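# Structural overview
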Amino acid sequence: MKFLFFSLLITIFASIVSAVSLTQNNNSYTLKNNYATVVISKKDGYITSLKIAGDNQEFLNRSYIDANGSKAGFHAKKSTIIKNTRDHVEIAFTDNVLNMDWEVRYTMLNDTKGVYFSLKLDHKANYPDTQFSEIRLVLRLKSNPFSWLQVEDDVGRYLPTAEQQKNCQVMGPKEACKSIDALKHDVHGFATKNGLGCWFVTPSMEWKNGGAYNRDLACHQGENDSLQIMYMAGSHYGAGDEYPKRGENWSKVYGPYLIYLNKAGSPQASWRDAKAVAKVEKAKWPYSFVSQPGYVKQRGTVTGKLTIKNPLNKSAFRLEDAVVTLVQPESSRESIPNQQWRHYSFWTHSLSGVSPNFSIKNVIPGTYQLRAWSKGVVGEFILNKTVTVTAGRTTNLGEIVFTEKRVGPIAWEIGIPDRTAKEFKHGNHFNQWGLPYKFPKEFPNGVNYHIGKSNYARDWNYCHVSVPGKGGKYQSIPWNIYFNLKKKPTGTSVLRVSVAANSSTALSVSINGGRNSAEVADFKDDACVRRDGIRGFYRELEFKFGPNDFKVGENKITLHARKTGGYTNNYQFDGIMYDHLRLETPGL
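The model shown is predicted, which means the values in this text are computed figures rather than measured ones.

### A word on the overall build of the chain
Of regular secondary structure, the chain possesses five helices and 37 strands. Taking 2.2 N^0.38 as the reference for a compact globule, 588 residues should give roughly 25 Å; the C-alpha atoms of the chain span a radius of gyration of 26 Å, in line with that estimate. Principal-axis analysis of the C-alpha atoms gives the chain an extent of 95 × 60 × 55 Å. Every one of the 588 residues in the chain was classed for burial, and the buried ones make up 57%. Within the chain, residue pairs in contact and separated by at least 24 positions form 73% of the contacts whose partners lie at least 6 positions apart. Put simply, the chain shows about 24800 Å² of open surface, and 49% of that area lies on carbon and sulfur atoms. In the chain, 75 side chains carry a positive charge and 53 a negative one; their mean positions are 1 Å apart.

### Brief notes about the pattern of salt bridges
This structure, assessed with the given rule, holds 30 salt bridges. One salt bridge connects D525 with R530, and the closest N-O pair in it is separated by 3.0 Å. Residue classification places D525 among the partly exposed positions, given a relative accessible area of 30%. In the salt-bridge network here, residues are joined through shared partners; they are E404, R406, R496, E540, E542, R582 and E584.

### Thoughts on the domain arrangement of the chain
Here the chain is described as being made up of domain 1 (21–284), domain 2 (300–403) and domain 3 (410–584). Using only C-alpha atoms to locate each centre, domain 1 and domain 2 end up separated by 30 Å. Each side of the interface is counted separately: domain 1 has 23 residues, and domain 2 has 23 residues. Interface area for domain 1 against domain 2, summed over the two sides, is near 1900 Å², with a carbon-plus-sulfur share of 53%. Across the pair D321 and K184 runs a salt bridge, and its minimum N-O distance is 2.9 Å. Counting the contacts that link domain 1 with domain 2 gives 12 residue pairs in polar contact (both at pLDDT 80 or more). Residues belonging to the side of domain 1 that touches domain 2 are distributed by class as follows: 11 nonpolar, five polar and seven charged.

### Thoughts on the sheet that holds strand β11 (residues 135–142)
As a general point, the strands of a sheet are linked pairwise by backbone hydrogen bonds and lie either parallel or antiparallel. Strands sit in the order β6-β5-β11-β18-β17-β14 across an open sheet of six strands; the sheet is antiparallel. In the strand order of this sheet, the two ends are held by β6 (72–73) and β14 (178–181), each with one partner. As paired strands, β11 and strand β18 (residues 225–233) are joined by eight bridges and run antiparallel to one another. Following the sheet pairing, V138 is matched in β18 by I229.

### Considering the nonpolar core
I259 and W460 are the most contacted members of the largest nonpolar core, which totals 162 residues. For this core, the element with the highest residue contribution is strand β19 (residues 250–263), accounting for eight residues.

### A closer look at the pairing of strand β34 (residues 505–511)
Judged by how many residues are buried, β34 sits mostly within the fold: seven of seven residues are covered. Of the two faces of β34, both are covered, the one formed by T505, L507, V509 and I511 as well as the one formed by A506, S508 and S510. Bridging between β34 and strand β36 (residues 553–563) involves seven bridges; their strand directions are antiparallel. Its bridge partner being in β36, V509 is matched across the sheet by L559.

### Remarks on the environment of K422
Looking at where K422 falls in the secondary structure, it is placed in the loop between β28 (410–415) and α4 (439–442). For K422, a relative accessible area of 41% translates into the label partly exposed. Considered as a pair, K422 and K78 are 344 residues apart in the sequence and their alpha carbons are 48 Å apart.

### Some thoughts on the packing of aromatic side chains
Following the criterion strictly, the structure yields 33 aromatic pairs and no others. Aromatic side chains F483 and F550 sit 6.5 Å apart centroid to centroid with 65° between the ring planes, which places their arrangement in the edge-to-face category. Separated by 67 residues along the polypeptide, F483 in strand β32 (residues 479–485) and F550 in the loop between β35 (539–545) and β36 bring together distant segments of the chain. Its guanidinium or amino end placed over the ring of Y29, K42 lies 4.8 Å from that ring's centre, counting from NZ or CZ. Between R419 and the ring centre of W373, over which it is positioned, the NZ or CZ distance is 3.9 Å.

### Some points on the side chain of S63
When you line up the elements, S63 lands in strand β5 (residues 60–67). When residues no more than four places from it in sequence are discounted, the contact partners of S63 are Y46, I47, V138 and L139.

### Focus on the confidence of the model for the chain
Mean pLDDT for the chain: 92, with 94% of residues reaching 70 or above. Counting contacts from residues 1–16, a segment whose pLDDT is below 50, to residues more than four positions away or on other chains yields two contacts.

### Focus on the environment of K120
Looking at the secondary structure, you find K120 in strand β10 (residues 114–123). On the basis of relative accessibility, which here comes to 15%, the residue K120 falls in the buried class. Along the chain, K120 and G294 lie 174 residues apart, while their C-alpha atoms are 7.9 Å from each other. Leave out the neighbours within four places in its chain, and K120 touches D101, W102, E103, S251, K252, V253, Q292, P293 and G294. Here the side chain of K120 touches P293 through a polar contact of 3.2 Å, landing on its backbone oxygen.

### Description of the environment of H75
Of note, H75 is situated in the loop between β6 and β7 (78–84). Overall, the relative accessible area of 37% leaves H75 in the partly exposed class. Here the alpha-carbon distance between H75 and F93, two residues 18 residues apart in the chain, equals 8.7 Å. Apart from residues no more than four positions distant in its own chain, H75 is found in contact with K43, D44, Y46 and D95. For H75, the side chain forms a polar contact with the side chain of D44, separated by 3.0 Å. Of the polar contacts made by the side chain of H75, one reaches the side chain of Y46; its length is 3.3 Å.

### Some details on unusual backbone geometry
The omega angle of the peptide bond from G255 to P256 is 0°, so this bond is cis rather than trans. Take P256: it is sitting in strand β19. In this model, W285 is joined to P286 through a cis peptide bond whose omega is -5°. For H426, which is not glycine, the phi dihedral falls at a positive 75°. You can call H426 buried: its relative accessible area is 10%.

Criteria and cut-off values
- Residues numbered from 1 in each chain as written.
- Predicted model: local features only at pLDDT ≥ 70, side-chain atom pairs only at ≥ 80, totals over all residues.
- Heavy atoms only, no water.
- Helix = DSSP H or I, 4+ residues; strand = E, 2+ residues; numbered from the N terminus.
- Rg over C-alpha atoms; globule rule 2.2 N^0.38 Å.
- Buried < 20%, exposed > 50% of the residue type's maximum accessible area, 1.4 Å probe, protein only.
- Contact = heavy atoms within 4.5 Å.
- Areas by Shrake-Rupley, 256 points an atom, 1.4 Å probe, with all protein chains shown as cover.
- Lys, Arg positive; Asp, Glu negative; His and termini not counted.
- Charge placed at Lys NZ, Arg CZ, Asp CG, Glu CD.
- Salt bridge = Lys/Arg side-chain N within 4 Å of Asp/Glu carboxyl O.
- Domains from an automatic or database assignment.
- Buried area = accessible area lost by both parts, 1.4 Å probe.
- Polar contact = N/O pair within 3.5 Å; in protein donor to acceptor, adjacent residues only side chain to side chain.
- Nonpolar A, V, L, I, M, F, W, Y, C, P; charged D, E, K, R; others polar.
- Pairing = 2+ DSSP bridges.
- Core = buried A, V, L, I, M, F, W, Y, C linked by side-chain atoms within 4.5 Å.
- Phe/Tyr/Trp six-rings, centres within 6.5 Å; stacked < 30°, edge-to-face > 60°.
- Lys NZ or Arg CZ within 6 Å of the ring centre and 35° of its normal.
- pLDDT = per-residue confidence, 0-100.

Put into structure tokens, the structure is as follows:
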């Protein structure tokens, strides 16, 4: 009996210690548990204070929720307490912005180390047409002491102080900042020198426009503010605007994701802890505590085996870091996956081996198109039938076999097909501002690459940018590739150019000083150059040459990039990032 009595006391005491509470006054709600205290304004529905238990340091200067670069803002017209128990506090704030109903929810459970945020947008059929390019939550943390920014394991640094920023020369966009890829992303935020951290922990980005293809801004600094941003919808890397139309019932739930507060011995330790929490949160997805209308809990799974073959010898490639994604079938209203926004998308990544098995879990029921790609293999592959997902069931697709495009043996190749320009010069620190300025000094005669002698990590720039010419007018310098052949090809050869990103640049090629090919100018601007990215809209190009276009001995292929737009101040913000180039020559 004594044992049972003491066990009961311990249980009651633990419940009291870990309980979550809600208090309010005329101006605000305060959510508090044993780990954190969060204050939310009744007037706007914005977080006004973030503190961690045992530390009186205020995290925030201010926060806000807005759209289209602050041109439209969420300002709550009504707030409702959805749930208020010892285990679960949840508050909803509503407004109508841009002809859509917005419902923001904040949720704190008894063990939440911070607070969960979610947003539902709802456009009813009788609402007028609308348009938005960005929807974001912005936490403006105190830059002193929150001066350590981190968005990836290898992308973290201390930022300049407010005083240093006030005295600096503006050389480019003030918002040039650290960006993230939705494909593998789960944490970004800031920390102090002693390891006090504020992080966005994202268990799923299924709601992100563009899905696995998307890249977006994440963190930057503005003097006294360290800006921690979650773009629930964003167009910065060419993902495009979103256009709910009159007559269209459309809604979407963004999140929930966790605003995680922690304290460790250093900013690096704080980051590692946040990454560990992200794994725990992913395992909970979809969250059982969510009651927001439109959030789907009953889901399905898609499994299969991915095989990509070499067409010349019919063997299967050994895949590395392969991706399988489910997107809505392509349509004229959402022309490419990068610009899909109406629906959710789902994916799995880091698949390796010959014909690896894959499993995409927690897929919302519906009909999808399956797409796949892999490091080391050129191209993106699309299944020739749709995939139907049913709640509570596994859809096993069996072995899916794709074949890479290839017309003949490889004469040479430059780079690694991985949809990025990371392997080239400066690609390993692409998010360092101002790299285009270096090109004229490092390559005064453009790139002149000699197959068998040159090294693409040293001799091939990560971006084919324009440079100042006569009279200050910017123009692109041709890049040359030199190679030797012992004999001419026996059939039509193909120069296969995989493009990782493009900003206001057209491309044509020539061989041995001959006529330029037809110019490819219909690229979509993905802003990777001006926003310090390394991948944008992937595109595979083919340029064909006849046998007599080649010579026995030394040959030269020239890449002619032409500036088609871009900014006119600072550096020109245009260029093309090559992912991989390969010459396929029959008969050699």
